[in-house]
Amino acid sequence: MVGEESPAADPSQDYSIVARGLLKSFGRLRVLNDLSVRIPRGTTYCLLGPNGSGKTTFIRAVAGLLRLDGGYLSVLGEPVHTVDRVYPRIGYMTQHKALYPDLTLRENMEFYAGLYGIEGGERDERISELLEMVDLADHIDRITGDLSGGMYQRLSLACTLIHDPDLLLLDEPTVGVDPILREAFWRFFDGLAEGGATILITTHLMDEAERCKTVGYMRGGRMLAEGSPEELKRLAGLRPILRLWVKDPRASASSLAAEGLPVEVVGGVLQVRIEDTRRLKEILERVEPSDLRLVEPSLAAAFLRLSEGGSR
Ligand SMILES: Nc1ncnc2c1ncn2[C@@H]1O[C@H](COP(=O)(O)OP(=O)(O)OP(=O)(O)O)[C@@H](O)[C@H]1O
């Protein structure tokens, strides 16, 4: 039965989230299809996957907002059916508007603080600190309904953080947020993770996924691939490309191809796919380039490859 397995079945309490074989359907649509994942404490974990792959559904299950059809799920050491015991340690920022439009920024934050019993000087200090972090301190007495999309998003994040949660569930938190502030958010998230908090985030922005310690790639309600961004690129079959500027690219390409190296000439530049870094010296000695550049594969390329079913 969902979440009723003995906690002793968890090998340790080192995981914020343990999910095994989760099942969830909406009518005839199977949205979580034997989903298993373990997310350690004190990490940044990014869920990637095409639209409709089940990311939000999984996050809602973790927040205890969804009745699962099967599987085992524990959150901060509690089986999910008793997740209310750890609610005060969870912060959930949804994709939807969850703030009161008629209240000022301060009032919305006070409301959230009140939900977690944060009062008095501690509350005011926390509100100032968080509004500063999201660069909204100057707008504290404005009406929330008047904020731009990005500002609203920033306020939502500040409210989500009011009680200093141990587990942060962030569903596309930086939509509409400008790049400078996004950078500030990420530095803040990294700091929280270093301090022991767990951050589970969904995004469609690959540069954000690259910043996470672990990326889980979901498709069709399953975890298809998981690892660090580097590991995920390898799982997708991607390798770094060495670009070499040489006098006669075609002749050099033939010479390297004769040694079994995967080469091509693109726009007059010789390119070698690096399967084995131990062969770098041999390549350079053989073609004597006037210039070179090593191009790491992007996570976006890995995502496309995995979406095409190119790996696993
Ligand atoms: N309450 C619901 N009732 C019916 N269908 C739902 C419900 N919630 C989600 N779905 C469907 O489940 C599927 C998975 O949705 P989910 O929101 O989990 O995907 P996602 O991976 O988060 O997508 P996106 O990247 O677009 O946010 C979709 O087809 C969605 O329409």
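Here the structure is a predicted model, which means the values were calculated and not measured. (Residues numbered from 1 in each chain as written. Predicted model: local features only at pLDDT ≥ 70, side-chain atom pairs only at ≥ 80, totals over all residues. Heavy atoms only, no water.)

Some remarks on the overall build of the chain
Next up, step 1: A count of helical and extended segments in the chain gives 10 helices and 14 strands.
Next up, step 2: Along the first, second and third principal axes, the C-alpha set of the chain runs to 75 × 50 × 35 Å.
Next up, step 3: Taking all 312 residues of the chain together, 48% fall into the buried category.
Next up, step 4: Within the chain, counting contacts between residues at least 6 apart in sequence, those at least 24 apart form 69% of the total.
Next up, step 5: Accessible area of the chain: about 15,300 Å², with a carbon and sulfur share of 49%.
Next up, step 6: Of the charged side chains in the chain, 37 are positive and 46 negative; the average position of the first set lies 8 Å away from that of the second. (Helix = DSSP H or I, 4+ residues; strand = E, 2+ residues; numbered from the N terminus. Buried < 20%, exposed > 50% of the residue type's maximum accessible area, 1.4 Å probe, protein only. Contact = heavy atoms within 4.5 Å. Areas by Shrake-Rupley, 256 points an atom, 1.4 Å probe, with all protein chains shown as cover. Lys, Arg positive; Asp, Glu negative; His and termini not counted. Charge placed at Lys NZ, Arg CZ, Asp CG, Glu CD.)

A few points about the packing of helix α2 (residues 105-115) against helix α4 (residues 149-160)
Next up, step 1: Where α2 meets α4, the axes come as close as 9 Å, and the angle between the chain directions of the two elements is 30°. The pairing of α2 with α4 is recorded here as roughly parallel in orientation. Handedness of the α2/α4 crossing: right-handed. Where α2 abuts α4, its residues L105, N108, M109 and Y112 lie against L155, A158 and C159.
Next up, step 2: Class assignment for the residues of the contact of α2 with α4 results in 6 nonpolar, 1 polar and no charged. (Axes fitted to C-alpha atoms, helices over the stretch in contact; angles between N-to-C directions. Parallel < 35°, antiparallel > 145°, perpendicular 65-115°, else oblique. Left-handed = near helix turned anticlockwise from the far one by under 90°. Nonpolar A, V, L, I, M, F, W, Y, C, P; charged D, E, K, R; others polar.)

Topic: the environment of F26
Next up, step 1: Topologically, F26 is positioned in strand β1 (residues 15-26).
Next up, step 2: Classification of F26 as partly exposed rests on a relative accessible area of 38%.
Next up, step 3: For the pair formed by F26 and M93, sequence separation is 67 residues and the distance between their alpha carbons is 23 Å.
Next up, step 4: What F26 contacts, discounting residues up to four positions off in sequence, is V31, T57 and L66.

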